[in-house]
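Reading the structure
One-letter residues, chain by chain:
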Amino acid sequence: MDDGGELLSLLATALAASTPLVYAAVGETLTERAGVINLSAEGSMMLSAMVGFAAALTTGSVLAGFAAAAATGALVALVVAIGGIHLRRSQIAIGFVLAMLCADLSSVLGGPFVRVPGPTVPAMSIPVLRDVPILGPLFFRSDPLVYASYLLVACAWVFLYRTRAGLLVRAVGEQPAAAHARGAHVTRVRTAATLVGGALVGIGGAAYSLDFKAGWSHRHTAGYGWIALAIVIFGGFDPVRAALGACLFGVLSSMASLGQSALPSVPAQVFSVAPFALMIVVLALTSSGLLERLGALLPDAARRPLLRAFDATPPAALGKPYPAAADGAEARPRGADQGTK
Amino acid sequence: MRIEIERVAKRFGPVNANDDVSLTIQAGAVHGLLGENGAGKSTLLRILGGLLRPDAGRLRFDGRPVALDSPADALAAGVGVLHQEPLDFPPLTVLESFLVARPRAARAGGGARALLPGRGRAAGVFLPRRAAREELLALAARFGFSVDPDEQVARLTLGERQQLELLRLLSLGARALLLDEPTTGISGAQQEALFSALRRLKQDGKAIVLVSHKLSDVEALCDRVTVLRQGKVAGEAEMPAGAARLVALMFGKALALPERLPTAGDGVALALEDVGFGDHRLDLRLARLAVRRGEVIGLAGLEGSGQRLLLRACAGLLRVRRGRVAIGGADLTGRPYPAFLRAGAGYLPADRRREGLIAGLSIEEHVALRAPRPGVFLRPREIRRAAERAIEALRIHGRPETPVEALSGGNQQRAQLALLPGDLALLLLEQPTRGLDIASARWVWEQLLARCRAGTALLFASSELDELMRYSDRILVFSGGRVSPPVSVADLTLDRLGRMIGGELDEPAPAPAEPAAPARSDP
Ligand SMILES: Nc1ncnc2c1ncn2[C@@H]1O[C@H](COP(=O)(O)OP(=O)(O)OP(=O)(O)O)[C@@H](O)[C@H]1O
Ligand SMILES: [Mg+2]
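Residues numbered from 1 in each chain as written. Chains lettered and ligands numbered in written order. Predicted model: local features only at pLDDT ≥ 70, side-chain atom pairs only at ≥ 80, totals over all residues. Heavy atoms only, no water.

A few points about the pattern of salt bridges
Pairing between side chains of opposite charge can happen when the charged atoms of each approach one another. Counted according to the given criterion, the structure contains 35 salt bridges over all chains. Within the structure, one salt-bridge network assembled from shared partners comprises B:Glu364, B:Arg384, B:Glu388 and B:Glu401. (Salt bridge = Lys/Arg side-chain N within 4 Å of Asp/Glu carboxyl O.)

Below you can see the structure in the form of structure tokens.
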């Protein structure tokens, strides 16, 4: 193969490596857009990867594996939803504990499945499209799971920016009190976004254990959950940018393994942290007011898309319970949610 | 729509926010709701808007008893509330904010049945952007508001955000509009636009409730007023009722204006030499300003014209781009905030809840934070005594352990004043009486003038022309990216001040001024 082909196959592997991250990061983005931090992604992904693999192995159906993984992710998210949304406890604390708990649980429950060969997602290249030069080998010669992830990113974007429900999710993440005053059910919207986001994190786990690195071993997905959480932030809480971030991460980390042989003088870690260093630079630039100043020079029509494309402000109500945790039993805060219950 | 409120009561812990309130709001009329800070006006509106459930009492809309379990119920019944603090979504665009939680069946100018939330699910998963844009623009045109659907809400002025909210409520088919202090913090022109819109709506037969601390608003607009005092109805009056009668109903006594004797003394408290300051939008220059001890300088202009920047530059919170800043003779240019504090500068921001006070902490804890030498440990008894002293001295309605966010607006302002050190050289205030009732506003000015008599120089920004004219010795006008030279109030009329704010800074004034230079002054 010539150089171009090698590069292409490298990139294609990188994209495959990023698929679990795409699912998890898009799911977490949805959750966080609604103002909920589900910090359990690391443990949730690991547990779902194990459950998904086990389910696929015992039933012989990959689909059943994904369903089980999604259910596992949603179940973990349900704990976050009950504790962090309904009981208004600290979402950070709950998520953190869950992250560790689920990781350990996956080791305990997953013992019998370690290094057992099992089913994987069958490869399937898409007829006509696979022959398109460059794009074909890059995007259309993998498997249905990868294609579904393209669809997911597009759907998530359309959902957030083009549907009523998506607007409600964003509104609830920014100003829950205002959304409530307009008749929205803040708790319900947040719960739904958390469960769906959790299910996607779960699918991300199964994408790892049934596709990317099929099988199960002790702490099989270690690190991926945290990386997904980081990508959500660096992706500016936008599904498309999160997916791009996941791909960038995939590319740079597959270069890390390649870099070992090609550039032995550069330590492999440089490549694995490079995406984050890059993202920090971007974040620093976008939040320095530089863009604002640049935007001020441009006409409205150019300013708005520019600011929107680089906007990385977290949702204003991210991680804040609504209505704010009542310390005194009596005095409920202004804007107390009367509709819950 | 006719709204009947029957014996409504609402308690917050020990506070009777609404106590046996009964009143009737007629369709096709503007009903004023007056009362001092903490009288329970917002509470009543929140009950009518479905945000709070009353502990007792009943509501009837058009004669039919209603139970409002949520804001959605109130909207469905045709009640729209413009809340005291804007309840919208700063990061969204105007159009998106207009569309949030918008029921599918809503139609422009819709009648009684326009709203059936939760029904008609089949229609519209997607945002009806185009239709909503047309509807919004048409409505805006009808009321003479100018609206840019693609602008970010965060970039709008308070007045524009209110207009948007008003349009949204109307588009939902609201037949009763309850407005909580809609004229606080908006420009004169915006107020005009709002009032003419309200007059039209009244003619359309809507019931309108107006909460305001400004008697001029009430006199201009209301047909009838109800006065609340400590949660109870203190009285009702047909308009015109006369300002004196309303004040007496509100406070139980007539009020005297604080005496404004000249307090400016000798010695320069603040000196600005050829300063340049600004942010990413504005770049302002002020050639020279020398403020004497005890002098009061008013900063006039539409909000966001740079007054806040000047105050923050003098407070040491914003570095000047050029020129010199000196307080009490000490050059502080480029020095850090603590140096300004030591030189005796005090700053009271407009946004009490976000900048001035720390939500979640009690009055006592604020006192403890301020203590000059706290050491490592808090001394509870000492702090408590200091807090009690402050509460008594400034007559704050609250207890040392009351969290600041549970105080009403007026009392938050008092708490902020209580936290200022006693002997300041320079006091910088942003909208010192925003949201305060008349009595509290006067009381605040008494306190401020007492400080002036003791030699503190005062710089304050305000959007109330009356306040500027009454209390300032000299006024700086901010307009169109420029600052006027200081003008003595003796040379000003309300009318001329209004025109200067509107942009006529260069009008030949008795004080010598260079027409071309952005700013120049003669103390
Ligand atoms: N959520 C709450 N928790 C505790 N106390 C509250 C709450 N909301 C209001 N209060 C108290 O109820 C009383 C009435 O408050 P309300 O906000 O209705 O006054 P207001 O007439 O609107 O005053 P202002 O003119 O300052 O806006 C005040 O004493 C206030 O401290
Ligand atoms: Mg109020």
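Having seen the model, we can carry on.
Description of the coordination of the magnesium ion (ligand 2)
The coordination sphere of the magnesium ion (ligand 2), as far as protein atoms go, consists of B:Ser42 (OG) and B:Gln84 (OE1), spread over 1.9 to 2.2 Å. Pair noted here: B:Ser42 is in helix H1 (residues 41-48) and B:Gln84 is in the loop between strand E6 (79-82) and helix H3 (94-99), with a separation of 42 residues, a long-range link. (Donors = N, O, S within 2.8 Å, 3.2 Å for Na, K, Ca; no water. Helix = DSSP H or I, 4+ residues; strand = E, 2+ residues; numbered from the N terminus.)

Describing unusual backbone geometry
Residue A:Pro323 is reached from A:Tyr322 by a cis peptide bond, and omega for that bond is -10°. Residues B:Met239 and B:Pro240 are joined by a peptide bond in cis, for which omega reads -5°. One non-glycine residue, A:Ile134, lies in the positive phi region at around 60°. Overall, the relative accessible area of 54% leaves A:Ile134 in the exposed class. In this structure, B:Asp20 takes a positive phi of about 60° despite not being glycine. (Buried < 20%, exposed > 50% of the residue type's maximum accessible area, 1.4 Å probe, protein only.)

Regarding the domain arrangement of chain B
Interface size, as often reported, equals the accessible area lost upon joining of the parts. Residue and element names in this part refer to chain B. Once the domains are mapped, chain B shows domain 1 (3-78 + 175-251), domain 2 (267-344 + 423-523) and domain 3 (361-420). Placing a centre on the C-alpha atoms of domain 1 and another on those of domain 2 gives a separation of 36 Å. In this assembly, domain 1 packs against domain 2 so that about 830 Å² is buried in total across both faces, 59% of it on carbon and sulfur atoms. Three residues stand out in domain 1 for area buried against domain 2, namely Asn37, His213 and Phe251, and they jointly supply 46% of the buried area on that side. Linking domain 1 to domain 2 there are one salt bridge. Residue Glu464 pairs with Lys214 through a salt bridge whose shortest N-O separation is 3.0 Å. (Domains from an automatic or database assignment. Buried area = accessible area lost by both parts, 1.4 Å probe.)

Focus: the sheet that holds strand E11 (residues 268-278) of chain B
All names here are of chain B. Read from one edge to the other, the open sheet built from four strands follows the order E12-E11-E14-E15, with strand pairing classed as antiparallel. The open sheet is flanked by strand E12 (283-292) and strand E15 (330-331), the only strands paired with a single partner. Bridge count for E11 against E12 is nine bridges, and the pairing is antiparallel. Within E12, the position partnered with Phe277 by the bridge is Leu284. The strands touched by helix H9 (residues 307-315) within the sheet are E11, E12 and strand E14 (322-327), with E11 carrying the most contacts at an inclination of about 120°. (Pairing = 2+ DSSP bridges. Contact = heavy atoms within 4.5 Å. Axes fitted to C-alpha atoms, helices over the stretch in contact; angles between N-to-C directions.)

What to know about the interface of chain A and chain B
With 33 residues of chain A at the interface, the matching set in chain B holds 41 residues. Between chain A and chain B, the buried area comes to about 3200 Å², and carbon and sulfur atoms account for 55% of it. Seen at the junction of chain A and chain B, the total is two salt bridges. Notably, a salt bridge pairs B:Glu165 with A:Arg182, separated by 3.2 Å at the nearest N-O pair. At the boundary of chain A and chain B, one finds seven residue pairs in polar contact (both at pLDDT 80 or more). It is helix H7 (residues 164-174) of chain A that contributes the most residues to the side of chain A that touches chain B, six residues altogether. Looking at the side of chain A that touches chain B residue by residue, the class counts come to 13 nonpolar, seven polar and 13 charged. (Polar contact = N/O pair within 3.5 Å; in protein donor to acceptor, adjacent residues only side chain to side chain. Nonpolar A, V, L, I, M, F, W, Y, C, P; charged D, E, K, R; others polar.)

A look at the pairing of E6(B)
Moving residue by residue along a regular strand, the side chains alternate between the two faces of the sheet. Residues and elements named next belong to chain B. Burial along E6 is two-sided: Val79 and Val81 facing one way and Gly80 and Leu82 facing the other are all buried. Here E6 pairs with strand E7 (residues 176-180) via four bridges, running parallel. What sits directly across from Leu82, in E7, is Leu179.

Some thoughts on helix H13 (residues 380-393) of chain B
Residue and element names in this part refer to chain B. Across its 14 residues, H13 extends 20 Å between first and last C-alpha, which sits within 8% of the 20 Å expected from 1.5 Å per residue. Listed as buried for H13 are Ile383, Ala386, Ala387, Ala390 and Ile391. The buried residues of H13 occupy an angular sector of 135° when projected down its axis, which confines them to one face. More than 90 degrees from the buried face of H13, the exposed residues found are Arg381, Arg389, Glu392 and Ala393. Residues of H13 that are buried sit in contact with helix H12 (363-370) and helix H14 (409-419). At the C-terminal side of H13, Arg395 shows a positive phi close to 50°. (Expected span 1.5 Å × (residues − 1). Arc of directions from axis to C-beta.)

Considering the site of ligand 1
As a structural note, the neighbourhood of ligand 1 is formed by 20 residues, with B:Gly38, B:Ser42, B:Thr43, B:His213 and B:Ala406 the closest of them. Close to ligand 1, residues of chains A and B are found. Taking B:Gly38, its main chain carries an N or O atom lying 2.8 Å from an oxygen atom of ligand 1. Separating an oxygen atom of ligand 1 from a backbone N or O atom of B:Gly40 is a distance of 2.9 Å. For ligand 1, the protein covers 90% of the area, taking 630 Å² as the surface of the free molecule. Sorting the residues of the shell around ligand 1 by element identifies strand E2 (15-25) and H1 of chain B as the ones contributing at least two each. Along the lines of polarity and charge, the residues of the shell around ligand 1 split into six nonpolar, nine polar and five charged. Composition of the shell around ligand 1 by domain shows at least three residues from each of domain 1 (3-78 + 175-251) and domain 3 (361-420) of chain B. (Near = heavy atom within 4 Å. Areas by Shrake-Rupley, 256 points an atom, 1.4 Å probe, with all protein chains shown as cover.)

Overview of the sheet that holds E6(B)
Residue and element names in this part refer to chain B. Strand order across the open sheet formed by six strands is E6-E7-E8-E3-E9-E10, with mixed pairing between neighbours. Every other strand in the sheet has two partners, leaving E6 and strand E10 (232-238) as the edge strands with one partner each. Each adjacent strand pair in this sheet contributes to an overall mean axis angle of 20°, direction not counted. Pairing of strand E3 (residues 29-35) with strand E9 (residues 224-229) involves five bridges; the strand directions are parallel. When the bridges of E9 are listed, His31 appears paired with Arg224. Against the sheet, helix H8 (residues 243-251) contacts E3, E9 and E10, and its axis sits at roughly 30° relative to E9.

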